[in-house]
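Working through the structure, step by step
Residue-level listing of the chains:
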Amino acid sequence: MIRIAGAALGAIVVVVAILYFWFPAVLLHGVVLIQRRTAGFSRHEIATAFGLVPYLDGGAGPVVVLLHGYQDQKDTWLELAGHLTDRYRVLIPDLHGFGENHAATNGDYRPLAQAERVHGFLAAIGIPAVHLAGVSMGGEIAGVYAAQYPGATLSLALFSAAGVRPDTITLLGRRIIAGDDVFHVTNGATLDTLIALIADSGMALPTIVKRAMVMEYRARNPQWDTVFRQLTESATLYLLDSIAPRIATRTLVLWGAHDPLFPVSGGRRLAARVPRAEFILLLDCGHLCPATRAAEVARHYRAFLSSGSSAGAAKPASMAGEESYGSGLAFRTSTRIAASGTTR
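Residues numbered from 1 in each chain as written. Predicted model: local features only at pLDDT ≥ 70, side-chain atom pairs only at ≥ 80, totals over all residues. Heavy atoms only, no water.

Digging into the environment of Ile127
Note the following rule: Counting from the N terminus, the helices are the DSSP runs of H or I reaching at least four residues and the strands are the DSSP runs of E reaching at least two. Contact definition: two residues touch when any of their heavy atoms are within 4.5 Å.
Along the chain, the position of Ile127 falls in the loop between helix H4 (111-125) and strand E5 (130-135). Considering only alpha carbons, one finds Ile127 and Ala152, 25 residues apart in sequence, at a separation of 8.8 Å. Excluding its chain neighbours within four sequence positions, the residues that come into contact with Ile127 are Val63, Arg89, Leu91 and Leu122.

With respect to the pattern of salt bridges
Close approach of charged atoms allows side chains of opposite charge to pair. Rule in force here: By definition, a salt bridge exists where a carboxyl oxygen of Asp or Glu is found within 4 Å of a side-chain nitrogen of Lys or Arg.
As enumerated under the stated definition, the model contains 16 salt bridges in all. Overlapping salt bridges bring together Arg43, Glu45, Lys74, Asp94 and Glu100 as one network.

With respect to the packing of aromatic side chains
Applied cut-off: For Phe, Tyr and Trp, where Trp contributes only its six-membered ring, two rings pair if their centres lie within 6.5 Å, and the inter-plane angle classes them as stacked under 30 degrees, edge-to-face over 60, or tilted in between. Here, a charge over a ring is recorded when the distance from Lys NZ or Arg CZ to the ring centre is within 6 Å and its angle to the ring normal is within 35 degrees.
One pass over the full model with this rule turns up 10 aromatic pairs. For the ring pair Tyr70 and Phe98, a centre distance of 6.1 Å and an interplane angle of 75° mean the geometry is edge-to-face. Pair noted here: Tyr70 is in the loop between strand E3 (63-67) and helix H3 (78-81) and Phe98 is in the loop between strand E4 (89-93) and H4, with a separation of 28 residues, a long-range link. Ring geometry for Phe159 versus Tyr301: centroids 5.9 Å apart, planes at 90°, classification edge-to-face. Of the two residues, Phe159 is situated in strand E6 (residues 153-159) and Tyr301 in helix H13 (residues 294-307); the sequence distance between them amounts to 142 residues. In textbook terms, an aromatic cluster arises when at least three aromatic residues are bridged by ring pairs, as seen for Tyr70, Phe98, Phe183, Tyr217, Trp224 and Phe228. For Arg250, the ring lying beneath its charged end belongs to Phe304, and the centroid distance is 4.4 Å.

Put into structure tokens, the structure is as follows:
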């Protein structure tokens, strides 16, 4: 019996070793399934006018839709989303060309096209209006959606959104505008370089996660190179900034104080240009606040959602530059932004 048990344990170790070194994505998928179950989410697919869309669904109540960023996928929201499901039904789709939502290399991945696909996704499910939030690229898509479909957007949250125009462009920003695709990962070294450029200091990923990420990058680089070129076109680069005054719904703009990709000045300008926006700045946080500070971001987002129509009141223009400090919290927030949209 002992020999049998030992042989079985040895076989398990061999299988795990094979998965770790040769099929890390398979091993990580098991971890993701546990995370989904723990957070109260289940995976679904739905046919839309733009193809099959995989998505996560959890909770009950008013509907919140979360849109992920560039080179990301739906499960990145799980930790934050788990803080919402006691009060809200949360839907998290894989955007066209990302995660399990595979698409053609030469497709249209610009924010306008993606926003139309999100609208098709919600129409297929049969939900007329939602609370919409997005991070980075997903934030730009969410903002475009709110401008295009104001009647279908109950509220909007933009976390470190792309498409903004900062006062000054960072060195990383200059590289990207010049066409240097720092997101083109081919091996562990280029992945480490990317992480060092955009992640919060001290952020470390397990080796198995890195191995799976490199394999994913290698498989999808041709498609993601297309996306990168489209997102950095002159007509797209500052799209959210240009359409911001058309966003009629009340909006939360949340930014990391040390965002190396989209400087906080762009976030402040965005909040000033959206007529019914409020701005929250997270100290000691970079570009990936919804992932690295999930509980804190969720707390602010829940407060925003709960505030209802009272949050939409614009403040006098004379107060446009004033700020208040959250008691006992590591964040700084401006009070409501003037409806005139004047920059600060």
